[in-house]
Protein chains: 2
Amino acid sequence: MQRILIFILSFALITTVNAQQHKSPNGNFELIFQLNKGIPTYRLSYKGKPIIKESKLGLEIKDMEPLTGNFMVADTKETTFDETWEPVWGETATIRNHYNELLVTLTQENTKRSMMIRFRVFDDGLGFRYEFPKQTDLNYFIVTDEKTEFAMAGDHTAWWLAGDYDTQEYDYTKSKLSEIPSKMENAIGPNASQTPISESAVQTSLMMKSDDGLYINLHEAALLKYSCMHLELDTDRMVFESTLTPDAVGNMAYMQTPAKTPWRTIIASENAGDILLSNITLNLNEPNAIEDVSWIEPVKYIGVWWEMITGKSDWAYNQSIGTVKLGQTDYSKYEASPRHAANTTKVKRYIDFAAEHGFDQVLVEGWNEGWEDWFGKSKDFVFDFITAYPDFDVVELREYAKSKGVRLMMHHETSGAIRNYERWMDQAYQFMVDNNYNSVKSGYVGDIIPRGEHHYGQWAINHYNYAVRKAADYKVMVNAHEAVRPTGLRRTWPNMIGNESARGTEYEAFGGNTPDHTTILPFTRLIGGPMDYTPGIFVMDMTKLNPNNNSRVRSTIARQLALYVTMYSPLQMAADLPEHYEMYMDAFQFIKDVAIDWQKSLVLEAEPGDFITYARKEKNGERWFVGRTNDEEKRTSNINFGFLTKGQDYIATVYSDAADASWEKNPAAYEIKKYVVNSKSDISINCASGGGYAISLVPVKDKKETKGLKKL
Amino acid sequence: MQRILIFILSFALITTVNAQQHKSPNGNFELIFQLNKGIPTYRLSYKGKPIIKESKLGLEIKDMEPLTGNFMVADTKETTFDETWEPVWGETATIRNHYNELLVTLTQENTKRSMMIRFRVFDDGLGFRYEFPKQTDLNYFIVTDEKTEFAMAGDHTAWWLAGDYDTQEYDYTKSKLSEIPSKMENAIGPNASQTPISESAVQTSLMMKSDDGLYINLHEAALLKYSCMHLELDTDRMVFESTLTPDAVGNMAYMQTPAKTPWRTIIASENAGDILLSNITLNLNEPNAIEDVSWIEPVKYIGVWWEMITGKSDWAYNQSIGTVKLGQTDYSKYEASPRHAANTTKVKRYIDFAAEHGFDQVLVEGWNEGWEDWFGKSKDFVFDFITAYPDFDVVELREYAKSKGVRLMMHHETSGAIRNYERWMDQAYQFMVDNNYNSVKSGYVGDIIPRGEHHYGQWAINHYNYAVRKAADYKVMVNAHEAVRPTGLRRTWPNMIGNESARGTEYEAFGGNTPDHTTILPFTRLIGGPMDYTPGIFVMDMTKLNPNNNSRVRSTIARQLALYVTMYSPLQMAADLPEHYEMYMDAFQFIKDVAIDWQKSLVLEAEPGDFITYARKEKNGERWFVGRTNDEEKRTSNINFGFLTKGQDYIATVYSDAADASWEKNPAAYEIKKYVVNSKSDISINCASGGGYAISLVPVKDKKETKGLKKL
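Note that this is a predicted model, so its numbers are computed, not measured.

Conventions we followed
- Residues numbered from 1 in each chain as written.
- Chains lettered and ligands numbered in written order.
- Predicted model: local features only at pLDDT ≥ 70, side-chain atom pairs only at ≥ 80, totals over all residues.
- Heavy atoms only, no water.
- Pairing = 2+ DSSP bridges.
- Helix = DSSP H or I, 4+ residues; strand = E, 2+ residues; numbered from the N terminus.
- Domains from an automatic or database assignment.
- Contact = heavy atoms within 4.5 Å.
- Buried area = accessible area lost by both parts, 1.4 Å probe.
- Polar contact = N/O pair within 3.5 Å; in protein donor to acceptor, adjacent residues only side chain to side chain.
- Nonpolar A, V, L, I, M, F, W, Y, C, P; charged D, E, K, R; others polar.
- Expected span 1.5 Å × (residues − 1).
- Bend = angle between axes of the 7 residues up to and from the residue.
- Buried < 20%, exposed > 50% of the residue type's maximum accessible area, 1.4 Å probe, protein only.
- UniProt positions renumbered as here; feature names shortened; annotations may be inferred.
- Salt bridge = Lys/Arg side-chain N within 4 Å of Asp/Glu carboxyl O.
- Least-squares fit on C-alpha atoms with pLDDT ≥ 70 in both.
- Phe/Tyr/Trp six-rings, centres within 6.5 Å; stacked < 30°, edge-to-face > 60°.
- Lys NZ or Arg CZ within 6 Å of the ring centre and 35° of its normal.

> If you had to explain the sheet that holds strand E18 (residues 239-244) of chain A to someone new, which residues and values would you point to?
Residues and elements named next belong to chain A. One open sheet holds the eight strands; their spatial order is E1-E2-E3-E4-E11-E18-E17-E14, and the pairing between them is antiparallel. Edge positions in the sheet fall to strand E1 (19-23) and strand E14 (201-202), since each of these pairs with one other strand and no more. Pairing between E1 and strand E2 (residues 29-36): five bridges, direction antiparallel. Looking at the pairing, His22 lines up with Leu31 of E2.

Written as structure tokens, this is what we have:
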């Protein structure tokens, strides 16, 4: 009798909790979780407007009953969390992590398996993930498909990248969601490694805007021990479904309970700038795992790099060597080609330039043996990461750099050969420690080895994190290129100071990025974390570097300066050649001045694909910097300086497009004007096509500084 | 004009050299190489009898013209080689490497690609391989199929294993070649990881006997940087064709010129014993690559092992822990199960026993965290190789073993998770060095990770060699189980002191090996190198160890002793429990006495599948040991002692089957008799079903020793 009573009570509990309403702390977001005939579903609205319509949740797992239905709610738990934490570096000195959590425990009626869905509703959106407690009948399992839906409330405008298991380096396409399939073919350009998914799969972070002006962003957070998610659109229903990255045998993820998936995130606002300032991605990651962070520091750097990217120089020591077998090919028998850039003499010039202008580091690519045939051969033992070319004197350069107060930045191109990199990793990092390097730019150009694996599969994702964790053991900071897009992991591993994971400045030398590219990236790629975009190109015509390269940077010089503010990163490169900077030393001053770690960040103006204007205050000082990136349209930016400390005068140095500037015809036409401003000032600045501006704001300490300057 | 003349001369040269006859130093073997309409072919005969009929040569490569035809002979070169070298350890103190070599350089007419075939004709057979010089149009290439044929001259009797990309642990099938397809299904038993190839693919080394009494063996040598070869039989033509092991995407091998394949070997004789004594496999490998070999030594060992194999004990510390996450599962919270064998107390007992009876080492399996769920889960981080269970005190045991003059032998089960093993390898070997281990038994049970790769593919083969080379850096000897079958690599890497790569003694506890198993292995598995067969089982009824295990060792005790002589290995285990040896200390004496490194080895009697009798002289001494392994038939062995030093008397201790012995009914019935013998003596010994005998021969130093002994 007692048992029957318990059963009835349980049943009552189960039925009453089937629909769960759950709001954000500020009440703007409402999540509704509901079991619909045993299928878990959720809906999300913002200020009463639907963002996600009823959408199914669940996963399919190998050789077992799918975790998509037959569920009952065994338990629900609501909690509130509010903390403020300090990132080691970032856009703001502190970050508030405030959410209401709903944890739903589901039990599958026939299998008795348990799955939990944890929802966190923030003031700026929603994160949720699946969790699998350790249990008798679900220990090890293989995810064959994730069936998470994101049912859109309308045929939004989207800025999207073609879904691909191996590259994020496509141009953005702006279209209605319904137009994605028809525009997919054009959206897929050539790449060094690519595996497009389907005619309707796109990448995250996906930025959208509804017809009634809501900005919506879909991404993921804390992508660890799982494969990367893409979104496959069912255009009939206007529903995205998660589609994961398969491994060599077609499986998506290997799990052992207790286990959890990455978070799926939805950020939304009627203000575009709120998307840019959202900290949901970071907040959904685990706190810093590195005890001593004293060795982690933002880095401003130059590098022996752009001249190879443009084709002016070579990574290879001597291309005539042909194929190389490391340890067998005797480089000492060959003369260095005059095209080999990474030689001791040139690197010293770069070190001198860095020291003179206050840069922390000098990246050198092409310093190590193997560049004669490193790409496209599915070559396993492609680099050893410790053997320099004969004309690159490691010890001499180490000592020279030390004497100048500069460090070299290491470069580890892996060519996608992950096994080989892991085999050499300890030696490679130790070599760095021995030679005074504390940061590495790593690269994964080309198809992944083990063959059949993809850049965004669980195997590679495990590796990227392994590389970052191992680097931490050696106090090494990592800037991984061609790795999976970031998902906020830098909160946990703040030595992950950069990533590429999108078309960076290098594409300006490969035909050019679209002029609006940098007005989209902060809404998409940067939602997950900083990008090593490598801005600062001053000479836009590539034929000046390489007569055979007809590319043209689609930017004015003024906008190049703006990117140091708009493209947040603790790692900022001045990517052009020293001799090019020497042509424009007045403009270069901004790059020298600009901070790379911030107390505060504000978005003054923003519209994806059109323009973005940021104002940021440096972390340990009182200077502010403003940057504006503009698309191909000529536009006027009107901002006010209300963010400045009240009652304090500042000298504003404005680097803007000249009246006749345009990326196409006159990119070098800039003006530099100084004003005195305070919190009541405002300014109106014309932005050229592909233009923008940068402003430095330095508090006036002595009235004399303002002499002769116009007050705004 | 001059150019035309050269062309004509070249052409003349090409046509005349199309058929190349080439003999072994003793003239017994004749190889004929011939281009047949542009297709390279070879034939091999022995004393005028065809062994290999006209067989095609070549390979198919990805996205390129196949290297199978359209060839012309650009050059041929004949050389003779004769050297005698000393292996670090082996069946003989010196090995003669004597061959006539024919190097054929082929050029493909349409592609201008060059391929060489190097033939070495020895007095006991042929080895040949493909070589690819560095050349403009053949740098990196992918082998998609090797088309090497071995055209048999008749429907031979063969002792074969089912072809499989992941296991060699099948029972041998004896059949006519033509019967292979019909017997394939039965030839494939269950295995922890298996990928059978086809109904007509078999493994090498393949042992055959022709109707007219020729013994023929096909295998490969120096399998490095390539995938393992199987033989696919075309029963209509009685032609074997090489079939390689694919990788995760179906490719067979990734090559960079200059490159070479492993050698394909054909050993033949009218005497079965000549096959056993052939050194072709070793001679076709590169010389020793390890400069200081002082730390490499043969090892006689016991181990905490058989009790787990039989199911008497567990590897796991406590099975109730269920699934494990290394570094998270807190073992200190759990009591050790009484079934956990690898505990400090028990290991000390083994150390005591080893010290008392002169064994060098004690293997301990199940000493490290993770055994609760190590198998069949495709678990990547399955072991860390450095974290002991709470009841296994590494330091205490290290010191205890040292005090007794014994070493522990390390165990690294990888569960096939190669990436994980490589990640931990340096730490794992360093842990060994720190704790006085100098040898490791490694294991690759289960499917390989990276998933889609196979145990015998190029990826895994690269790994096995990497593990051996890295071990050498730490002065560690390696005994890899479930790795690819050996192909003589131990010549180059003499720290590779053992391998499994076939059904060993453990299968006696998994249902039993066939009684003739050990009369076949020396003709097949051991052609490539020594096997860690782990003989020495004295208690044959497994229910004595585990009531639930009905297996029965299909051997008499006398034959168990014989295996120390017939199954050559520098690594010999006494696999049974100490308490079982204590029941038969008189028989155990042979295991204590027997040498494990040899000056000379002779085959006194041999017939594959029936019986083998070896006589071997120890390396640094005057003792001889004889061993005879017998199949399921009762047989009489008649041998003479002509191999003994003339004029020297020896005390022969003969451990033989008692009259009523048989593996099935009375395996423990043995007799030990002592005689005085000299080089003129002979003896006739009855061998039981599943029986055999062992003899130790110790030179008489003092006449008194012979007192009361019968002189033969």
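> Can you explain the domain arrangement of chain A? Please cite residues and give values.
Residue and element names in this part refer to chain A. Domain boundaries in chain A define domain 1 (21-283) and domain 2 (301-594). Centre-to-centre, using C-alpha coordinates, domain 1 lies 32 Å away from domain 2. In this assembly, 53 residues from domain 1 lie in contact with 48 residues from domain 2. Across the domain 1/domain 2 interface, buried area totals approximately 4,100 Å², and carbon plus sulfur atoms make up 57% of it. Area buried by domain 1 at its contact with domain 2 is led by Trp89, Gln168 and Glu169, which between them contribute 21% of it. Connecting domain 1 to domain 2 are 36 residue pairs in polar contact (both at pLDDT 80 or more). Mapped by element, the contributors of at least two residues to the side of domain 1 that touches domain 2 are strand E6 (71-85), strand E16 (215-221), strand E17 (229-234), strand E19 (253-256), helix H3 (272-277) and helix H4 (280-283). The element that contributes the greatest number of residues to the side of domain 1 that touches domain 2 is E16, accounting for four residues. Along the lines of polarity and charge, the residues of the side of domain 1 that touches domain 2 split into 26 nonpolar, 18 polar and nine charged.

> Describe helix H8 (residues 418-434) of chain B, listing the residues and the values that go with them.
Residue and element names in this part refer to chain B. In this model H8 runs 23 Å from its N-terminal to its C-terminal C-alpha over 17 residues, within 8% of the 24 Å that 1.5 Å per residue would give. Most pronounced at Met425, the bend in H8 amounts to some 55°. Of all 17 residues that make up H8, 12 are buried, and the element is covered over most of its length. Looking at H8, one finds that the buried residues are Ile418, Arg419, Asn420, Tyr421, Glu422, Arg423, Trp424, Met425, Ala428, Tyr429, Phe431 and Met432. Where H8 ends, the next residue or the one after it, Asn436, has phi of about 70°, a positive value.

> Run through the UniProt feature "domain: Glycosyl-hydrolase 97 catalytic" (unreviewed entry) in chain A, naming residues and quoting values.
Mapped onto this numbering, the UniProt entry annotates "domain: Glycosyl-hydrolase 97 catalytic" (unreviewed entry) at residues 305-502 of chain A. Secondary structure over residues 305-502 of chain A splits into 31% helix and 13% strand, and the C-alpha atoms at its two ends are 18 Å apart.

> Give me the lowdown on the interface of chain B and chain A, citing residues and values where you can.
One frequently used descriptor of interface size is the decrease in accessible area upon assembly of the parts. Between chain B and chain A, the contact holds 31 residues from the first and 31 residues from the second. With both chains or domains summed, chain B and chain A bury close to 2,900 Å², and 50% of this area falls on carbon and sulfur atoms. On the surface where chain B and chain A come into contact, there are two salt bridges. When the shortest N-O distance is used, the salt bridge between Glu422(B) and Arg423(A) registers 2.7 Å.

> For unusual backbone geometry, give the residues involved together with the corresponding values.
Peptide bonds are mostly trans, and most non-glycine residues show a negative phi. Omega for the peptide link from Thr204(A) to Ser205(A) comes to -5°, which places this bond in the cis form. Among the secondary structure elements, Ser205(A) is positioned in the loop between E14 and strand E15 (206-209). A cis amide bond, omega 20°, links Ile449(B) with the succeeding residue Pro450(B). Residue placement: Pro450(B) occurs in the loop between strand E25 (439-443) and helix H9 (458-473). With phi around 55°, Lys225(A) is a residue other than glycine that occupies positive phi space.

> Describe the sheet that holds strand E2 (residues 29-36) of chain B, listing the residues and the values that go with them.
All names here are of chain B. If you walk across this open sheet you meet the eight strands as E1-E2-E3-E4-E11-E18-E17-E14, and the pairing is antiparallel. Looking at which strands have only one partner, the edges of the open sheet turn out to be strand E1 (19-23) and strand E14 (201-202). Relative to strand E4 (residues 49-56), strand E3 (residues 39-46) is paired through five bridges, and the arrangement is antiparallel. When the sheet's bridge partners are listed, Thr41 is paired in E4 with Lys56.

> I'd like to hear about the environment of Gln560(A), residue by residue, with values.
Residues and elements named next belong to chain A. Position of Gln560 relative to the elements: it lies in helix H11 (residues 557-566). Using a relative accessible area of 2% as the deciding quantity, one classes Gln560 as buried. With 24 residues separating them along the chain, Gln560 and Gly536 place their C-alpha atoms 5.0 Å apart. Within polar-contact distance, the side chain of Gln560 engages the backbone nitrogen of Gly536 at 2.8 Å. There is a polar contact of 2.9 Å between the side chain of Gln560 and the backbone nitrogen of Ile537.

> Lay out the pattern of salt bridges with the relevant residues and their values.
Summed over all chains, the structure comprises 81 salt bridges over all chains. The partner of Lys617(B) in a salt bridge is Glu622(B), with the nearest N and O atoms 3.2 Å apart. For Glu622(B), a relative accessible area of 42% puts it in the partly exposed group. Within this structure, Glu101(A), Arg118(A), Arg120(A), Arg129(A) and Glu131(A) form a network of salt bridges that share partners.

> For the relation of the copies chain B and chain A, give the residues involved together with the corresponding values.
To go from the first copy of the chain to the second, apply a rotation about an axis and then a shift along the same axis. Rotating chain B by 180° and translating it 0.0 Å along the rotation axis places it on chain A, where the RMSD comes to 0.0 Å. On this basis, the relationship between the two copies can be described by a two-fold rotation axis. Of the residues that chain B buries at the interface, 100% are likewise interface residues in chain A, meaning the two copies contact each other through the same surface.

> Describe the UniProt feature "domain: Glycosyl-hydrolase 97 C-terminal oligomerisation" (unreviewed entry) in chain A, and please don't skip the residues or the numbers.
In this structure's numbering, the residues bearing the UniProt feature "domain: Glycosyl-hydrolase 97 C-terminal oligomerisation" (unreviewed entry) are residues 597-697 of chain A. The distance from the first to the last C-alpha atom of residues 597-697 of chain A is 15 Å, and the span holds 0% helix and 58% strand.

> So what's going on with the pairing of strand E9 (residues 125-132) of chain B? Which residues, and what values?
Residue and element names in this part refer to chain B. The buried fraction of E9 is high, at eight of eight residues. Here E9 shows a buried face lined by Gly125, Gly127, Arg129 and Glu131 and a second buried face lined by Leu126, Phe128, Tyr130 and Phe132. Two elements, strand E8 (residues 114-122) and E9, share seven bridges in a ladder whose sense is antiparallel. Looking at E9, one finds that Val121 is bridged to Leu126. Linking E8 to E9, which pair antiparallel, is a turn of two residues. The pairing of E9 with strand E21 (residues 263-269) spans four bridges and is antiparallel. Of the residues in E21, the one forming a bridge with Leu126 is Ile266.

> Outline the side chain of Asp649(B), listing residues and values.
Residue and element names in this part refer to chain B. Turning to its location among the elements, Asp649 is positioned in the loop between strand E32 (635-640) and strand E33 (650-657). A polar atom in the side chain of Asp649 sits 3.2 Å from the side chain of Lys711. Other than its neighbours up to four places away in sequence, Asp649 contacts Val676, Val677, Asn678, Val698, Pro699, Val700, Lys703 and Lys711.

> How would you summarise the packing of aromatic side chains if you had to cite specific residues and measurements?
For the coordinates displayed, the defined rule picks out 76 aromatic pairs over all chains. Relative to Trp306(B), the ring of Trp305(B) has its centre 5.8 Å away and its plane inclined at 40°; by these criteria the two rings are tilted. Of the two residues examined, Trp305(B) and Trp306(B), each falls in the buried class. Put simply, the rings of Trp315(A), Trp371(A), Trp374(A), Phe375(A), Phe383(A), Phe385(A), Tyr421(A), Tyr444(A) and Tyr464(A) pair up and form one aromatic cluster. Stacked on the ring of Tyr456(B), the Lys or Arg Arg485(B) has its end atom at 5.4 Å from the ring centre.

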